[in-house]
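A structural walkthrough
Below, each chain spelled out in residue letters.
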Amino acid sequence: MTNEELELICRNTDISVGTPIGGVGIILDVIEDSRTCRFEYLRNGDLTLHGLNLKINGKPLPNGCFGYQNVIILLEENTPVGIVFPMGKSDLHVLVLEEYQGRGIMSNFMSSGIVHQLNPGLSSIRTNFSPRFDPDKYNKIKHLASKAGLVIRTST
C-alpha cells in the first residue's frame, strides 16, 4: 500500500461505520478486492468468523476478496487526520495527512497502547530512513517507536 493510497482512504473514509478506540480514532473493518484493489467498509457485526471461514452477514467473502483487516483512522475532533495500516503481524504503515503533521497525533497514538492491544506480538517496526543519511526522519521514527515500546529496524 502506497502513501498515496493510504491518503486516499483516509480522506474519503466514512467514519460513521467505525468503532471508536481509546480517544485517538476509530477502527474500520475492511475487505480488499484483489481484482479492483479497492476496499469495502464493513459495519459492526457484518463480519463474523465461522471456524476458519470469514463471512459477511452469514455469506462467504465475495470471489476475488483478498482478505480482511482492521484499518485505524486517526481523528482530531471527528476529522480524519491519519491512518494506521497494519502490515502483517510485525509492521505498521502509518501516515498523518500533511496539513496535520507536527501536532503530536502519532505520538498520542503510539503512547496509547492500542498498538499492543491490536497486535500483541508486535515488537519492532521497520523504516527506510537511515540514521546516517536522513538522521532527522530516522530519529522521528525512533522516537515514535519508543513511545510504543517498539524497537526500530532499518530496511538496509
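Here is a short report on the structure shown in this document. (Residues numbered from 1 in each chain as written. Predicted model: local features only at pLDDT ≥ 70, side-chain atom pairs only at ≥ 80, totals over all residues. Heavy atoms only, no water.)

1. Points about the pattern of salt bridges
Going through the model one piece at a time under the given rule, you end up with 3 salt bridges. As a salt-bridge pair, Arg11 and Glu7 come within 2.8 Å of each other at their nearest N and O atoms. Within this pair, Arg11 and its partner Glu7 are both found in helix H1 (residues 3-12), separated by 4 residues, close to a single helical turn. On the basis of relative accessibility, which here comes to 42%, the residue Arg11 falls in the partly exposed class. Classification of Glu7 as partly exposed rests on a relative accessible area of 31%. Between Glu76 and Arg103 there is a salt bridge; the shortest N-O distance is 2.5 Å. Of this pair, Glu76 sits in strand E7 (residues 65-76) while Arg103 sits in the loop between strand E9 (92-96) and helix H2 (105-111), and the two are 27 residues apart along the sequence. Among the residues examined, Glu76 registers a relative accessible area of 27% and is labelled partly exposed. Under the relative-accessibility criterion, Arg103 is labelled partly exposed at 47%. Taken together, the salt bridges that share partners define one network made up of Glu7, Arg11 and Glu99. (Salt bridge = Lys/Arg side-chain N within 4 Å of Asp/Glu carboxyl O. Helix = DSSP H or I, 4+ residues; strand = E, 2+ residues; numbered from the N terminus. Buried < 20%, exposed > 50% of the residue type's maximum accessible area, 1.4 Å probe, protein only.)

2. Thoughts on the environment of Leu144
Inspection of the secondary structure assignment puts Leu144 in helix H4 (residues 135-147). Considered as a pair, Leu144 and Met106 are 38 residues apart in the sequence and their alpha carbons are 7.1 Å apart. Setting aside residues up to four positions removed in sequence, Leu144 forms contacts with Met106, Ser107 and Met110. (Contact = heavy atoms within 4.5 Å.)

3. Points about the side chain of Ser124
The residue Ser124 is located in strand E10 (residues 124-127) in this model. The exposure class assigned to Ser124 is buried, which follows from its relative accessible area of 13%.

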